[in-house]
Each structure stands twice: as structure tokens, then as C-alpha cells.
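Architecture at a glance
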Amino acid sequence: MSFILLHFNYVAVAILMMAGLFVVVSSSNLIKRMIGLAIFQTSTGLLYISLGKVSSGTAAITVDAASPEKQALANHLDPAYVAQYGVAGVVYSNPLPHVLILTAIVVGVATLAVGLAIAVRVREAFGSVEADEIEVLSRLESAQAGSQA
Amino acid sequence: MISFETLYAAAPALTAHAPVLMVAGPLIAACVAALSPTARTSWMISVTGSMFAAWMALAITGEVARHGAVDYYIGGFAPPLGIAFYIDGLGAMMALLVSSAGVMASIYSGHSLAAEVRAEKHTHVQAAFLLCQAGLLGLVSTGDAFNAFVFLEVSSIGAYALVAIGEKRDRRALPAAFNYLIMGTIGATLYVIGIGFLYAATGTLNMADLSARLATLGDSSVVQAGFAFIVVGLGIKAAMFPLHGWLPGAYSFGPSLIVIFLAATATKTSIYLMARFIFDVFPDGAAFGRNFIAWVLAPLAATAAIVCSIQATFEREIRRILAFSSVAQVGLILLGLSLATILGASAGLFYLMAHALMKMTLFMAVGGLAISLPARRLDDFAGVARDAPWSATAFAAGALSLAGAPLTLGFLAKWRLLEAALNAGQIWIAATVAIASLLTLLYVGRMLEAIFFRSAPAGAPRAVEAPVGVLAPVLVLAGLNIWFGLDASLPEQLAGAGAKALLAGAP
């Protein structure tokens, strides 16, 4: 139990990931599939961001060493943590994962946009966004192409 | 006689920024093409952008051959903090392959697009094509694992849109593109998750740095999980059996421009990245890596080579035959790489280049015929050789090469593979290659029989010879299939340099 509690961020990531993937695989509605895909991609964001979090760490914006903000931030730190790692002053969270995920979010939004645009065109061409109906229509078309010649 | 020496004697001197210019060139050209006023100008921009990238790739290949791997720090920030481009023999080979495929496809697109896509869409098609090309070039030159993901997605998003644009000819292009998008995105996301695990374990994203730090970690379970995610993710992108579900649809319904480009490069670059991870980034001696190669990669690749060849034999649509054949050939490439010897890897890479060349020839010839004969089924192409002898001849050259007829590139490629497998003592791999080659003969025979020896049914629509702009690149590629079959020193040296870069220190 304590293992799960200690790794609750990963548990949340795994649940989101599987939920997203399940929606993608199980639903036949193209829009729902895109939603599932978006959830799946978001779970990666959570994975990265939670990796970069340092407990009681603050955003990676340097503060003036003499400023009262620095004192206030330093006071937030857990004394046990300070004793263990011997930190003096402010602790920052790792900013790199945030930057990476910013990029991944942009990629995700672009994919979502292209996917939804294709779904719109599918609806215009087939009159449906249900994958199984489209499948039937497509098969019919393949069969017709066969019988013409 | 084209050899490495003549190639890099012709290579322009490397400007300091060639690696980044190679990627930025098509990227900038994509923006210009999207804004260009007419279809014609966008085509010219596309050809110029692709040629510029090929010129840079040639410069890099020359530089790598003379002075070893090229390092380029983006913005002057040194790794591991900054993003670095790192192009060694393998990267140079891939860059040359991708950019020359880009040049051929863009020249070809001048006429073929007009038949397949509405004229007002051409500017956007060319822009997406250039984006796709820039993404793939970036993918093979980057030395940063996360950067590779971004380039992978840049190229893929371009490809999804391009497959969907095939709807003018056949509306089934749309569900095919959607399926491709879903599968591709799942693959890319799994890859990112894997990279996340590696980052958690090592705190770095630079491939060289990752490799050094992973070597000290041993069989950590985090690293193993990362390995699994990365391999499965890239396996989807590389259409590794049984993750190839997206490929036949995308290849059958996309416009010829993108199909020939994807067939020559898209799965190949993912194979490249996978090989890079398996052999370069992950420690060589790691048990999980060796087990994966022996118990997952090689058996699946062998299954693909056999099962998909059989499936290709039973398909009725010509492009689907070629698509399933692609999955089978990906299996053969992976079989070569799975030998994990210098000989095996260079045979695999040689096969990779050979397959790119022959599949490009085949899809180009089919696309050229389809301009006047908008048919899909093999039976509709019956007797085409009489109406369009040049296209049919080019098709035959590609098909014979695919089947491994002597005096063609395909023969040499299969021979190298057999030789490497026997040399490594893997009799069953050699047997698989032989059986797959025989099966290839079946479906190649079926295609050639229909095109050359059957006569068209009375009243059936007849094909017209493809226009010169389409025919020229097809014939050049068909000629190369034969040329390299007689004198393979260029692809051989490229593959050898690639294998050495991939397996530094292996037997």
C-alpha cells in the first residue's frame, strides 16, 4: 500500500494512459477515439512533469539572494530534507521536463487538429463518424470495384 | 562506375551549418510553398527545397567519409544541455537516402499531382510534403532522443494530411489516413513515454550521453521498461509485424507523391531510429537487449517476411500487393540487423537502401499508369505493357529487383543477407530469407503476368503512356536498379560505413 502511495503520480499516469488507450481501441466513434488519444497523450505530460517535481521546489526563476522572497521560499523547505541534502537557500523544480512537455503538447494539439479535420471530412464523405459503418461502406466499395470488370 | 570516392569528390565543401541547413531548407521551403500563388510555383519551390537538402546531405556524406562523424550544436549550446545534431556514417547514409528520395518524388509530383488532387490544394500538398521531408531529415541527423520525437511527429503529421488528400480519387483514403494517424500517434506517444523513463533513470536526453550513463546502470527495471516502450513505439512507426495495420491502407489510398516518398523513407527512418537505440544507446551486453533481438525481433521479422509475402500473393489490388510486400521486406531488413554482426548490419542496411529504390520504382510506375487508368485492381492493369511500354518496363525492372533476379540490385541485396546469415551461423535466418524470396517470386510473377502477358478485356479502359515529367524519374530509378545490380560499390560502401558506425566494437 505504501508503495502505491509513494508512487501515486505514476499510478495516476498509468490509469489515465490505460483509460485513453482503452477509449481509442474500444470505441467506434472517430471523435471519441480522438478524445481517447488526447487523454493518452496528456498522461505523458503528467508523467514528465511529475518526474521533474522536487518536493517543496519552486518554479525555476532565480530569485535575488538578498531578497525576502528567497527567505520565504527557503522557509517552505522541509527541515529533514535540508538536513539530508545540505541545501542552502532555494530549491528549484527541474524545468526541463516542463519545456519538453510544452513541445509535446504543441505536437499533441497539432495531431488533434489534423485528426479532427480528417474526421470532419470523413463525415462529409461517408455521412457518418462511426468506424463500423464506414468499414461496411468501404468494403461495399471494394466489392463493387471487383464486380465491375 | 559510381563509387564512394567519385561521390565525395563531387560533394560540395561542407559549410559549417550544413547539418542544420539540410533540415531548415525544406522547412523554410514548406512555408514559402504554402504561400506561393500557383500550383506551378509551389512545385518549383518543392523541387528546389528538396535539391538543396540533397546537396547538403551530399556535403555531409563527403565530410563524414573524410573526417568521421559530424557534430553540430544547435545555437552553439553544447550537449548534454543543448540539442546536438550528430551525423555518423549511418546518419549520412539515411540523410542521403531520404533527400534523394525527396528529390525524385518532388520532380515526379509535378505531373502526378494534377491527376490526383484539386489544383488549388497543390500549394498545401507541397508544403506538407516538404514538412514531411524536413522531419525525416531531422530525425536521421539529431543526436537528441526527445528532438527525434519532435521530428518524427513533424514528418508524421505531414504524412497523415497527405494520405487524407487522396480522397479526391477514392474516399476510402480518409478512414485510412485516420487509422494511420491513430496508430502513428500511439506509436510516437509510447516512444515519448520510453524516453521519459530513460530520462528518469539517467537525467539526460542526449543519445551519446544516455549511452554512457545507461552502461553504468545495468539491468535496471526502469531502463527495461523504457526499452520496451521505445521498441514498441518505433515498431508501430516502422510497420514491424504485427504492428503494421496502418500501412496497407495508407499506401493504397494516398496520392502517389506521398506513397512513393513514404514507401522509400518513412518506415526506414523508424528502423534507423530503432537500430540506433538497440545497438547504440542501450548497452551492448545488456541481457534484455540480446533477449529482445533473439526472441522478439528476429522471430517477428521472420514471420513478417513469410506471412506478409503470402498475404501479398492473395491480394487483388496492385498497391496493396506492394504494401504487404513492404511489410515483408521490412522483416528482411530487421532480420539482417538482428544478426548484430557488422556483416549482418551492413547486409540489412544494404537491403534497406535496395528496398527503398525498388519500391519507389514500383510505386512510381504504378502511379504513372494510374494517371490515365484510375484503377486499383491488378486485373485492370492487364495488358498495360502494350499501351504504356516504358512505364511497364520500369515496373518490370523494379519488380525483378524485388524478386531478386540476377543482375539487379535486389539479387545482390538478398545474396548479402544470405551470406551474412550463414556467416553468423544462423541457418534458420538464411532459410527464411530463401523462402521469402521464393514467395516474392510468386506475387511478382502474378503482377508481371498480368501486365505483360495478359491482354486487356475488350471494351476495358486503356492506359496511356505517362507524361515525360513522370516517366523520366521512373526510368532513372529503374536504371539505377540495374546499374547498382552490376556495380554496387556505392550502396555497399554507404551500408558498410553505416554498419560500422552502428556497431562500433562488434565482431
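Per chain, the residues get numbers from 1 upward, laid out in the order the sequence is written. Note on labels: chains are lettered from A, ligands numbered from 1, in written order. The model is predicted, so local features are restricted to residues of pLDDT at least 70 and side-chain atom pairs to those at 80 or more, both for listing and for counting; the totals for chains, interfaces and linings are taken over all residues.

Here a helix means four or more residues in a row that DSSP labels H or I, a strand means two or more in a row labelled E, and each is numbered from the N terminus. Of the regular secondary structure elements, chain A holds seven helices and zero strands. In sequence order, the secondary structure elements of chain A are arranged as α-α-α-α-α-α-α. In this treatment the radius of gyration is a C-alpha quantity, and the globule benchmark scales as 2.2 Å times the residue count to the 0.38 power. Computed over C-alpha atoms, the radius of gyration of chain A comes to 24 Å, more than 25% over the 15 Å expected from 2.2 N^0.38 for 149 residues, which places it beyond the range of a compact globule. The contacts in chain A between residues at least 6 apart in sequence include a share of 59% that link residues at least 24 apart. It is the C-beta atoms, placed from the backbone, that decide contacts: two residues are in contact if theirs lie within 7 Å.

In terms of regular secondary structure, chain B is built from 20 helices and two strands. Since a compact globule built from 507 residues should have a radius of gyration of about 23 Å, the 21 Å found for chain B is in line with a globular shape. The dimensions of chain B, computed from C-alpha atoms along their principal axes, are 70 × 55 × 45 Å. Each residue is classified by how many other C-beta atoms fall within 10 Å of its C-beta atom, where C-beta atoms are placed from the backbone; a count of 20 or more means buried, 12 or fewer means exposed, and values in between mean partly exposed. Looking at chain B as a whole, 65% of its 507 residues are labelled buried. Nonlocal contacts in chain B, meaning residues at least 24 apart in sequence, comprise 81% of its contacts between residues at least 6 apart.

Residue and element names in this part refer to chain B. Backbone torsion omega between Phe 241 and Pro 242 reads 0°, so that peptide bond is classified as cis. Assignment of secondary structure puts Pro 242 in the loop between α9 (221-237) and α10 (246-253). With a phi angle near 55°, Ala 239 is a residue other than glycine that sits in the positive phi range. Take Ala 239: it is sitting in the loop between α9 and α10. Non-glycine residue Ala 340 carries a positive phi angle of around 55°. With respect to the helices and strands, the residue Ala 340 is situated in the loop between α13 (318-338) and α14 (342-372).

Moving on, we get to α9(B). All names here are of chain B. What a helix is expected to span follows from its residue count: subtract one and scale by 1.5 Å. In this model α9 runs 25 Å from its N-terminal to its C-terminal C-alpha over 17 residues, within 8% of the 24 Å that 1.5 Å per residue would give. Listed in full, the buried residues belonging to α9 are Val 223, Gly 226, Phe 227, Phe 229, Ile 230, Val 231, Gly 233, Leu 234, Gly 235, Ile 236 and Lys 237. Looking at the buried side of α9, the elements it contacts are α6 (145-164), α7 (173-202), α8 (207-217), α11 (256-281) and α12 (287-314). Just past α9, the residue Ala 239 takes up positive phi, approximately 55°.

All right, on to the interface of chain B and chain A then. Contacts between chain B and chain A engage 30 residues on the former and 30 residues on the latter. Broken down by secondary-structure element, the contributors of at least two residues to the side of chain B that touches chain A are α6 and α7 of chain B. With 14 residues, α7(B) is the single largest residue contributor to the side of chain B that touches chain A.

To continue, consider the domain arrangement of chain A. A common way to express how large an interface is: the accessible area buried when the components associate. Split into domains, chain A comes out as domain 1 (2-53 + 94-148) and domain 2 (58-92). Placing a centre on the C-alpha atoms of domain 1 of chain A and another on those of domain 2 of chain A gives a separation of 40 Å. For the domain bounds, the source is a domain assignment made automatically or taken from a database.

Attention now moves to the pairing of strand β1 (residues 70-73) of chain B. Residue and element names in this part refer to chain B. Only one face of β1 is buried: it carries Val 70 and Tyr 72, and the other face, with Asp 71 and Tyr 73, is open. Here β1 runs beside strand β2 (residues 84-87); their pairing, made up of four bridges, is antiparallel. Within β2, the position partnered with Val 70 by the bridge is Ile 87. Paired strands, in this sense, are two strands between which DSSP finds at least two bridges.

In this section: the packing of helix α16 (residues 389-403) of chain B against helix α19 (residues 468-486) of chain B. All names here are of chain B. It is the contact of α16 with α19, at a shortest axis distance of 9 Å, that shows an interaxial angle of 35°. For the element pair α16 and α19, the recorded crossing hand is left-handed. Every residue of α19 that contacts α16 at Trp 390, Ser 391, Ala 394, Ala 397, Gly 398 and Ser 401 is listed here: Leu 471, Val 474, Leu 475, Ala 478, Asn 481 and Ile 482. Along the lines of polarity and charge, the residues of the contact of α16 with α19 split into eight nonpolar, four polar and no charged. All axes here are fitted lines through C-alpha atoms, helices being fitted over the stretch that makes contact, and every angle between N-to-C directions spans 0 to 180 degrees. Helix crossings get a hand from a simple test, with the near helix turned counterclockwise from the far one by less than a right angle marking a left-handed crossing and a clockwise turn marking a right-handed one. Classification used: nonpolar for Ala, Val, Leu, Ile, Met, Phe, Trp, Tyr, Cys and Pro, charged for Asp, Glu, Lys and Arg, polar for all others including Gly.

Next up on the list: the nonpolar core. Residues and elements named next belong to chain B. If you look at the biggest cluster of nonpolar residues, it comprises 236 residues, and the most contacted ones within it are Ile 60, Ala 95, Val 163, Ala 177, Ile 260 and Met 360. In terms of residues, this core owes the most to one element, α14, which gives 21 residues. Among residues more than four places away in sequence, those in contact with Val 163 are Ala 173, Ala 176, Ala 177, Tyr 180, Ala 250, Phe 253, Gly 254 and Ile 258. What we call a nonpolar core is a set of buried Ala, Val, Leu, Ile, Met, Phe, Trp, Tyr and Cys residues whose membership is set by joining through C-beta atoms within 7 Å.

All names here are of chain B. Mapped onto the fold, Gly 25 is located in helix α2 (residues 18-35). Note: C-alpha distance between Gly 25 and Met 358 (333 residues apart in sequence) is 27 Å. Among residues more than four places away in sequence, those in contact with Gly 25 are Gly 49, Phe 52, Ala 53 and Met 56.

Here the focus is the packing of helix α3 (residues 39-67) of chain B against helix α5 (residues 122-141) of chain B. Residues and elements named next belong to chain B. Packing of α3 against α5 leaves a shortest axis separation of 8 Å and a crossing angle of 10°. Taken together, the axes of α3 and α5 lie roughly parallel to each other. Of the residues in α5, those touching α3 at Ala 39, Ser 42, Trp 43, Ile 45, Ser 46, Gly 49, Ser 50 and Ala 53 are His 122, Thr 123, Gln 126, Phe 129, Leu 130, Gln 133 and Leu 137. Grouping the constituent residues of the contact of α3 with α5 by class yields seven nonpolar, eight polar and no charged. Convention used here: angles under 35 degrees read as roughly parallel, angles over 145 as roughly antiparallel, angles from 65 to 115 as roughly perpendicular, and any remaining angle as oblique.

Let us now look at the environment of His122(B). All names here are of chain B. Residue placement: His 122 occurs in helix α5. Sequence separation between His 122 and Ser 270 is 148 residues; the distance between their C-alpha atoms is 27 Å. Sequence-distant contacts of His 122, defined by excluding residues within four places in its chain, comprise Ala 39, Ser 42, Leu 113 and Val 117.

Before going further, it helps to spend a moment on α5(B). Because the α-helix completes a turn every 3.6 residues, residues three or four places apart line up on one side. Taking 1.5 Å per residue as the helical rise, α5(B) with its 20 residues ought to reach 28 Å, and the 29 Å between its terminal C-alpha atoms agrees with that figure. Counted residue by residue, α5(B) has 19 buried out of 20 residues, so it is predominantly covered.

This part covers the environment of Val13(A). All names here are of chain A. Following the sequence through the fold, Val 13 ends up in helix α2 (residues 8-26). Once the C-alpha coordinates of Val 13 and Leu 46 are considered, the two residues, 33 residues apart in sequence, prove to be 6.4 Å apart. Among all residues touching Val 13, those that are not within four sequence positions of it are Ser 43, Leu 46 and Leu 47.

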